[in-house]
Amino acid sequence: MKNESSLKSTITVSLTNYLDAGAIVAGASGLTLWKEYLQLTEGDLGWLNAISANCLGAAIGAIIGGFLADKYGRKFIYTYNMLIYMLGVMLIMLSVNFPMLLAGFLVTGVSVGVGVPASWTYISENSETGNRGRNIAISQMAWGVGPTIILILGTLLAPPSSGEAGGLLFPFVASVAELFGVSSGAEQYIFTSRIVFASLFIVAFIAWTLQRQLDESKEWLDAKASGEKQPSTFASFNSLFKNKTNIKTMFFLAGMYLSWNLVSSVMGFFQQHIYETAGGLSNEYANMLSVGQWVLIIIFTFLFSLVVDKLAHRPLYAFGVGCGVLAWIMVLTIGITSIEGLLVFTTLWALQAGVSVQTFYALWASELFPAKYRAAAQGVMFFAVRGLSAVWGLVFVYIYGEEGEGFTLAAILMMSLLILSLLIGVVGAPSTKGKSLEEITRERYGDDI
């Protein structure tokens, strides 16, 4: 019965991951459309990426949400956070200028960041010892389901481009646009993106309804019942950084996650744009190729969830990141304009995303810290990783160039970052498989908590 309960709560909480990945990919799939509609530059696109759920917005939200989840409980986050997400998505849906669009991306990103530390912590604390990795991996599947649904919807709604017909449902987009007095051009095409974001608004409302019904984490309740006074946010932050074990753990986890996320954040937001500029694909075909990749990611993540609690973590980690390194080697040797190269890259990238660095990060980050600042530690690391990813996103657009002329240099940098993540993760992988959270805490901290 407990196993069924943990799986049910995992699925409910995982809607946060669906909405996180969905927001990133919804922005990415419509990036070219917003660029044409608002006459944006590559620099403007860099700012959208930098403050979105992909980077700075999530970074700000994570450091706030992590401490709130430790001080007021995991359920506190689930009671209010989706309301902020719905506000951000609505701003995007109604955007008619760049500042409004930027604000929508920022608010949505902050909400995503608030929810992430709480969700990974809640899933870990409510899982059985033998299913903790499985449940984290299942939550990771939502990062695949979200983009898949969003990209399928984007493909069906895609406007015509380069003399090619639009998606099957584009006549519906045109009809909606006409209701607002828009009959042609970029102003009509942008309704494709508005409708995609409207779908996220609906899912966010469903998530808010379900997550408010969750029970509070027993570990958090036990920590509160111990009689220890809940520290202020600043005191909690100070306590977190006083412990040497905490500092070493945060450097290890943030290092392996950052080096991977610098690559993943670019791919999450710019992948379709890269396919369209460097690969020469239409918006429709770029979305179709990404849909195929995300379907593979879901399959590979599901298979990973079946073995993560049974096999040693170090070789699994090496296999996943190794596929990512090989993917970029193939792209550099075969070329982005080759369909064979694109297909090999898509499959290998799906494999690395199925056996994902983010899954290991979520699992280890929720295991390696004591309950009293488990979410706060994740918030600090998530803030650092997504914040630096925001800076990288701004730099990347200039390395890449307006029409993809810097793609080769960008690919070399991507490959180098993945190799760094591979080395950090393999050297520092902890031995936590089969142990309860209490056992892990006692082994690592003893009485020094």
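Our subject is the structure that appears above.
Residues numbered from 1 in each chain as written. Predicted model: local features only at pLDDT ≥ 70, side-chain atom pairs only at ≥ 80, totals over all residues. Heavy atoms only, no water.

Undergrad: Describe the overall build of the chain, with residues and values.
TA: A tally of regular secondary structure across the chain gives 20 helices and zero strands. The C-alpha radius of gyration of the chain comes to 21 Å, within 12% of the 22 Å expected for a compact globule of 449 residues. For the chain, buried positions account for 60% of its 449 residues. Nonlocal contacts in the chain, meaning residues at least 24 apart in sequence, comprise 82% of its contacts between residues at least 6 apart. Counting every atom, the chain has about 17200 Å² of accessible surface; 69% of that belongs to carbon and sulfur. (Helix = DSSP H or I, 4+ residues; strand = E, 2+ residues; numbered from the N terminus. Rg over C-alpha atoms; globule rule 2.2 N^0.38 Å. Buried < 20%, exposed > 50% of the residue type's maximum accessible area, 1.4 Å probe, protein only. Contact = heavy atoms within 4.5 Å. Areas by Shrake-Rupley, 256 points an atom, 1.4 Å probe, with all protein chains shown as cover.)

Undergrad: Describe the packing of helix 4 (residues 56-72) against helix 5 (residues 74-93), listing the residues and the values that go with them.
TA: Running from N to C, helix 4 and helix 5 cross one another at 120°; their axes reach a closest spacing of 6 Å. On the basis of the axis angle, helix 4 is oblique to helix 5. In contact with Gly65, Leu68, Ala69, Asp70 and Tyr72 of helix 4, helix 5 contributes Arg74, Phe76 and Ile77. The residue makeup of the contact of helix 4 with helix 5, split by class, is five nonpolar, one polar and two charged. (Axes fitted to C-alpha atoms, helices over the stretch in contact; angles between N-to-C directions. Parallel < 35°, antiparallel > 145°, perpendicular 65-115°, else oblique. Nonpolar A, V, L, I, M, F, W, Y, C, P; charged D, E, K, R; others polar.)

Undergrad: Can you break down the nonpolar core residue by residue, with the values?
TA: With 130 residues, the main nonpolar core has Leu19, Tyr85, Leu253, Met256, Trp328 and Trp364 as its most contacted residues. It is helix 13 (residues 244-277) that contributes the most residues to this core, 13 residues altogether. Dropping the residues within four chain positions of it, Tyr85 is found in contact with Leu19, Ala23, Thr108, Ser111, Val112, Leu200 and Ala204. (Core = buried A, V, L, I, M, F, W, Y, C linked by side-chain atoms within 4.5 Å.)

Undergrad: Quick rundown of unusual backbone geometry? Include the residues and the values.
TA: Although it is not a glycine, Gln39 adopts a positive phi angle of roughly 55°. Note that Gln39 resides in the loop between helix 2 (31-38) and helix 3 (42-50). Classification of Gln39 as exposed rests on a relative accessible area of 66%.

Undergrad: Hey, could you go over the environment of Trp47 for me, with residue numbers and the actual values?
TA: You can see Trp47 is positioned in helix 3. On the accessibility criterion, Trp47 (46% relative accessible area) is partly exposed. If we ignore the near neighbours within four places in the chain, the residues touching Trp47 are Phe98, Leu102 and Leu394.

Undergrad: Tell me about the packing of aromatic side chains, and please be specific about residues and values.
TA: Taken as a whole, this structure holds 22 aromatic pairs when the rule is applied. Between the aromatic rings of Trp120 and Phe382, the centroid separation amounts to 6.0 Å while the plane-to-plane angle is 80°, which identifies the pairing as edge-to-face. Residue Trp120 is found in helix 6 (residues 98-125), and its partner Phe382 is found in helix 18 (residues 374-400); the two are separated by 262 residues along the sequence. Their ring planes at 45° and their centres at 5.2 Å tell us that Phe360 and Trp364 sit as a pair that is tilted. With Phe360 and Trp364 both in helix 17 (residues 357-367) and four residues apart, this pair spans about one turn of that helix. (Phe/Tyr/Trp six-rings, centres within 6.5 Å; stacked < 30°, edge-to-face > 60°.)

Undergrad: I'd love a proper account of the pattern of salt bridges, names of residues and values included.
TA: Opposite charge on two side chains permits pairing when their charged atoms draw close. Taken as a whole, this structure holds six salt bridges when the rule is applied. With a shortest N-O distance of 2.7 Å, Arg74 and Glu125 are connected by a salt bridge. Here Glu125 lies in helix 6 and Arg74 lies in helix 5, a separation of 51 residues in the sequence. The same class applies to Arg74 and to Glu125, which are both buried. One continuous salt-bridge network, built from bridges that share partners, spans Asp70, Arg74, Glu125 and Arg374. (Salt bridge = Lys/Arg side-chain N within 4 Å of Asp/Glu carboxyl O.)

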